[in-house]
Amino acid sequence: MNANDKVKMPHALLSQKGSRRDFLRNTAVTALASTALAACSIDESAAQSVAHHEEDHSGGTMAPNPAPISPAAAAEAMDKMHEAGIKAFPAKTAGKGNQLLKPRIVNGVKVYDLTAKKIRWETAPGQTVEAWAYNDQVPGPQIRVREGDRVRLTLKNELTESTAIHFHGLELPNDQDGVPFITQPPIKPGQSYTYEFTVPNAGSHMSHSHHNAATQVGLGLLGAFIVEPKNPLPIEQADVDYVLVLNDGAHGYTFNGKSFPATEPVVAKKGQKLRLRFMNEGMMIHPMHLHGMHMTVIAKDGWDQPAPWKCDTLNIAPGERWDVIVNCNNPGTWAFHCHILPHAESDHGMFGMVTALIVK
Amino acid sequence: MNANDKVKMPHALLSQKGSRRDFLRNTAVTALASTALAACSIDESAAQSVAHHEEDHSGGTMAPNPAPISPAAAAEAMDKMHEAGIKAFPAKTAGKGNQLLKPRIVNGVKVYDLTAKKIRWETAPGQTVEAWAYNDQVPGPQIRVREGDRVRLTLKNELTESTAIHFHGLELPNDQDGVPFITQPPIKPGQSYTYEFTVPNAGSHMSHSHHNAATQVGLGLLGAFIVEPKNPLPIEQADVDYVLVLNDGAHGYTFNGKSFPATEPVVAKKGQKLRLRFMNEGMMIHPMHLHGMHMTVIAKDGWDQPAPWKCDTLNIAPGERWDVIVNCNNPGTWAFHCHILPHAESDHGMFGMVTALIVK
Amino acid sequence: MNANDKVKMPHALLSQKGSRRDFLRNTAVTALASTALAACSIDESAAQSVAHHEEDHSGGTMAPNPAPISPAAAAEAMDKMHEAGIKAFPAKTAGKGNQLLKPRIVNGVKVYDLTAKKIRWETAPGQTVEAWAYNDQVPGPQIRVREGDRVRLTLKNELTESTAIHFHGLELPNDQDGVPFITQPPIKPGQSYTYEFTVPNAGSHMSHSHHNAATQVGLGLLGAFIVEPKNPLPIEQADVDYVLVLNDGAHGYTFNGKSFPATEPVVAKKGQKLRLRFMNEGMMIHPMHLHGMHMTVIAKDGWDQPAPWKCDTLNIAPGERWDVIVNCNNPGTWAFHCHILPHAESDHGMFGMVTALIVK
């Protein structure tokens with residue numbers, strides 16, 4: 001099993017006492033406050049939204065109306081919000097990012113077509129933001145090729161400003177590096193531009209805009225670019241291979257373009273070997289913590305680690321990719337989240353960078 | 001020597017020209033400004049307080065009264081504040097966190113009782129904050145067990161909101177993982193809840209709240225959970241074993257719940273082998289810098305590093321634990337601090353994440 | 001080739017359609033907004049400036065005058081600003097930091113003289129800030145000695161407040177450690193102070209103020225202190241040896257005291273082996289990303305890594321030093337920048353922590 005789009009949606013984690021509709025009704029007022037980050041228009045900075053969340057750590061102010069309530073009622077109301085979020089997981093939203101893109105094969109060349117344009121993107125139920133997307137997805141479509149493949153990729157720019165694609169991690173000839181005014185002209189609105197190269201070094205890489213990039217990558221012009229090695233090491237061969245793209249820009253704290261409870265669980269059977277490929281496309285570190293099982297770190301930026309090492313919390317900085325192996329030997333539903341807690345939970349419950357590893 | 005509570009308080013570092021009372025009198029006005037972070041009520045966010053500190057980097061505004069003073073007098077006044085802070089170290093405060101908790105043994109089971117409740121906590125002389133604490137301590141009591149031990153731990157919730165304990169790093173059965181609505185119901189105010197398990201993987205782990213955790217952990221519901229291995233490696237056997245919990249939430253920048261000059265020095269004799277166990281319970285990175293001697297990194301999150309490596313500055317991200325060995329061969333009093341300088345010093349002197357390693 | 005001051009300035013990267021004068025004229029108004037960080041007086045905090053940049057991610061507001069312009073014209077104007085910045089690189093500015101300081105030899109002792117004083121410092125064309133500098137340079141002069149050398153260093157303090165030098169990474173006798181009130185008295189305005197020691201451990205180290213350090217280091221009192229080993233390992237012997245000091249304080253986001261387009265390119269010939277010595281003197285992490293070639297990490301804080309490992313994005317925390325090797329086998333001009341994108345690019349083009357590796 002090789003790509004994220006093959007992972008099936010499991011049933012909600014606990015007994016279904018509340019539907020998504022209930023979740024929205026019960027938490028409508030408070031969710032608007034607590035998920036302001038996700039809800040914010042693109043005119044608001046992440047810095048402002050983070051400050052908002054960090055301020056909001058008083059345990060006694062979650063009442064949705066101004067009438068005074070008892071501490072016991074407040075505690076009960078808080079628990080109901082937390083429960084509703086977890087029961088809604090995995091919540092349905094419109095759109096799915098990081099879907100495997102099959103190439104057309106033309107005279108032995110793998111040909112990919114991407115179109116960059118503005119779309120509306122639902123990060124969590126009812127939270128819709130402006131996104132700048134490749135092929136209407138955030139992250140953009142996942143590209144998987146093999147060392148030595150010949151690749152031709154055409155980008156059509158339907159945005160209102162210029163753009164370009166940098167293949168982050170690939171050791172390409174200079175003129176395919178995707179940096180406007182250094183290695184190519186910018187791709188102007190309405191134009192198309194074609195990259196073509198023989199795939200060099202294997203590993204977990206990325207493609208993203210390298211023009212006005214703080215804006216363009218923050219808004220969604222990014223995707224996974226995976227290069228499978230000709231001769232994989234035994235340690236990297238896995239039953240389940242999952243790409244997890246972290247972001248923290250204008251769309252809030254997201255995994256593969258979605259915020260909890262709309263994040264996708266990672267699912268494996270007991271005894272399976274899971275490979276996770278972390279990629280940070282944001283502007284903050286995210287120390288990813290897995291409950292219940294440890295991770296063995298096997299690669300950094302696509303390069304094998306000479307001495308794999310174990311951890312349960314892996315710090316992932318912007319631009320980094322880390323590949324880890326999890327031996328899924330502990331059955332259950334395990335929280336899996338960024339351990340900067342204001343990226344993962346407010347007094348209204350979990351949000352943002354939270355998902356679960358489900359070992360069946 | 002095995003636990004932090006066995007480390008004796010040394011004498012003040014330099015000749016005692018100023019008592020703690022002098023320190024407070026001399027610096028009262030300015031300390032209020034410079035340690036606003038520590039002094040802030042829990043309604044203020046860490047983000048705001050950090051901004052406050054970072055703004056405060058003009059070298060010419062430390063005058064405690066509005067009358068103009070000469071540059072020379074200003075420089076002298078600054079030095080006096082710096083000196084007073086260092087002479088006060090280690091300053092006495094009420095309360096000590098991270099104290100070793102001895103279990104009751106019941107039919108071969110190690111039994112621990114924790115109570116979570118709100119207390120007042122003195123982080124530095126005269127700086128008292130609201131804390132949510134296990135057994136009236138921040139960090140909560142240190143638990144030390146051995147691989148294979150049977151442990152029973154009961155948490156009584158005397159807070160006004162629900163809570164739960166997650167054993168961060170322990171590979172427990174799913175129903176002992178401590179995540180409300182996923183692995184257990186929340187422990188409501190007034191309720192008690194009992195965890196019981198056989199201790200799995202060795203290492204430097206933590207226990208902390210996993211409910212409304214950005215608030216609850218930030219306010220103090222956390223503690224070290226150390227699991228000694230059945231068969232320790234030679235490299236990890238040390239003369240002095242010291243746990244250092246970092247935090248940066250509502251209580252300011254702290255080591256084991258205290259801010260400089262109330263932090264505790266680490267003390268070793270020349271020739272001794274010191275094991276430091278760093279644990280980050282905050283929401284920021286803290287690159288810990290030791291003067292005078294290097295650190296050999298032997299474990300990450302409780303897992304042996306396959307190839308131990310050396311450094312003098314170790315970056316510790318939220319949720320991470322790092323174990324290092326220091327061969328204490330360089331006698332003296334050595335500064336030991338976070339190297340994000342605004343976490344350690346203002347123009348009023350050192351504060352926050354500063355302590356010393358004293359090699360006698 | 002051993003020191004940064006031997007790297008020659010290459011020609012501007014692309015054909016010279018615009019001079020630096022054109023760059024300044026074309027972008028004068030907008031550059032004032034976009035490089036507010038570099039332009040800010042020292043009364044403004046980095047935190048504020050970062051927030052300013054992060055807010056500024058709307059793609060449609062780069063018009064230099066209030067008259068409405070079409071999206072196409074706006075896109076064209078944005079591209080012109082991006083192009084102008086790159087064409088100006090490497091832009092001339094007054095002053096060059098990190099210049100190799102030759103010692104006087106007195107009875108076999110290497111003698112260095114440093115003077116700390118306030119200067120004006122140009123970080124980018126037209127952006128001049130107050131700096132506190134050693135010998136009129138930011139970073140201060142680079143000191144290169146060998147293991148076992150005897151060194152005598154005198155610091156004259158011409159600032160208006162006290163100071164002291166800490167040799168960050170050197171395992172010196174305690175009384176040479178440079179921490180006022182712990183290991184020495186502060187060096188008062190007008191005073192001189194002499195350090196003298198036999199150089200201990202090899203590696204990429206630093207010297208910087210350890211008094212009111214959040215302010216003094218942020219303003220420029222810092223420099224590289226390189227100790228060459230008596231017996232270098234084969235892996236660390238390189239054709240080009242380049243020191244890159246990162247900072248993010250009152251002077252904005254800088255490499256060796258300059259912001260793009262005034263940063264210095266790293267230049268090597270095809271086939272050469274390049275050693276980069278990263279040093280973070282700031283208060284934020286900076287994950288440094290090199291295009292086109294990977295880096296092999298050989299040392300941390302001056303200590304050999306037991307198992308060198310490869311990456312293209314290396315996260316560098318405050319106080320850390322990392323040494324890497326780049327085999328310069330891919331010809332071209334390669335972007336080389338911090339991958340926290342708001343440290344490297346705004347909608348007005350690249351700025352701050354950007355340079356290039358030019359492989360000829």
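Higher on the page you've got the structure.
I will try to describe carefully the structure that is included in this document.

This part takes up the sheet that holds strand 12 (residues 266–268) of chain A. All names here are of chain A. With mixed pairing, the five strands of this open sheet are ordered in space as 12-22-19-14-17. Across the chains shown, the open sheet's two edge strands, defined by having one partner strand only, are strand 12 and strand 17 (313–316). Mean inter-strand twist for the sheet, computed between neighbouring axes without regard to direction, equals 15 degrees. As paired strands, strand 14 (residues 286–290) and strand 19 (residues 332–338) are joined by three bridges and run antiparallel to one another. Bridged to L290 within strand 19 is F336.

This next bit is on the pattern of salt bridges. Residues and elements named next belong to chain C. All told, the structure shown has 63 salt bridges over all chains when counted by the stated rule. A salt bridge links R104 to D113; the nearest nitrogen and oxygen atoms lie 2.8 Å apart. In this structure R104 comes out as partly exposed when scored by relative accessible area, which is 45%. Looking at D113, the relative accessible area reads 38%, which means it is partly exposed. One salt bridge in this structure joins K110 and D149, with 2.7 Å as the shortest N-O distance. With K110 in strand 2 (residues 109–124) and D149 in the loop between strand 4 (143–146) and strand 5 (150–157), this pair connects stretches of sequence that are 39 residues apart.

All right, on to the environment of B:A88 then. Relative to the elements of secondary structure, B:A88 occurs in helix 4 (residues 71–88). As a C-alpha pair, B:A88 and B:P229 span 141 residues in sequence and 39 Å in three-dimensional space.

With that settled, the discussion passes to the sheet that holds strand 12 (residues 266–268) of chain B. Residue and element names in this part refer to chain B. What the five strands build is an open sheet, ordered 12-22-19-14-17; its pairing is mixed. Both outer strands of the open sheet, strand 12 and strand 17 (313–316), are each paired with one neighbouring strand and no more. Neighbour-to-neighbour, the strand axes of this sheet turn through a mean angle of 15 degrees, independent of strand direction. Two strands pair when backbone bridges link them, and strand 14 (residues 286–290) and strand 17 are joined in this way by four bridges, in the antiparallel orientation. Opposite H289, over in strand 17, you have T313 as the bridge partner.

Let us now look at the interface of chain B and chain C. Tallying the contact residues gives 45 residues for chain B and 49 residues for chain C. Summed over both partners, the interface of chain B with chain C buries about 3800 Å², with 60% contributed by carbon and sulfur atoms. Between the two partners, chain B and chain C, sit three salt bridges. Put simply, B:D312 and C:R321 hold a salt bridge, and the shortest N to O gap is 2.8 Å. The interface formed by chain B and chain C includes 23 residue pairs in polar contact (both at pLDDT 80 or more).

Rules of the game
All chains use their own residue numbering, which begins from 1 and follows the written sequence. For this description, chains carry letters from A and ligands carry numbers from 1, given in the order in which they are written. Where local features are concerned, this predicted model is filtered to residues with pLDDT of at least 70; where side-chain atom pairs are given and counted, the filter is 80 or more; whole-chain, interface and lining totals use all residues. Where side-chain values are given, they derive from all heavy atoms of the structure, hydrogens and water being excluded. Any two strands between which DSSP finds at least two bridges are classified as paired. Helical segments are the DSSP runs of H or I of at least four residues, strand segments are the runs of E of at least two, and each set is numbered from the N terminus. Only the stretch in contact is used when a helix axis is fitted, and all axes are lines through C-alpha atoms; the angle between N-to-C directions ranges over 0 to 180 degrees. Salt bridge, as used here: a side-chain nitrogen of Lys or Arg that lies within 4 Å of a carboxyl oxygen of Asp or Glu. Relative accessibility decides the category of a residue: with a 1.4 Å probe and only protein chains considered, values under 20% of the type maximum give buried, values over 50% give exposed, and everything between is partly exposed. Throughout, a residue-residue contact means that at least one pair of heavy atoms, one from each residue, lies within 4.5 Å. Note: buried area is the sum, over both parts, of the accessible area (probe 1.4 Å) each one loses when the two are combined. Pairing of N or O atoms within 3.5 Å defines a polar contact, subject to two protein rules: one partner must be a possible hydrogen donor and the other a possible acceptor, and residues neighboring in sequence count only if both atoms are side-chain atoms.

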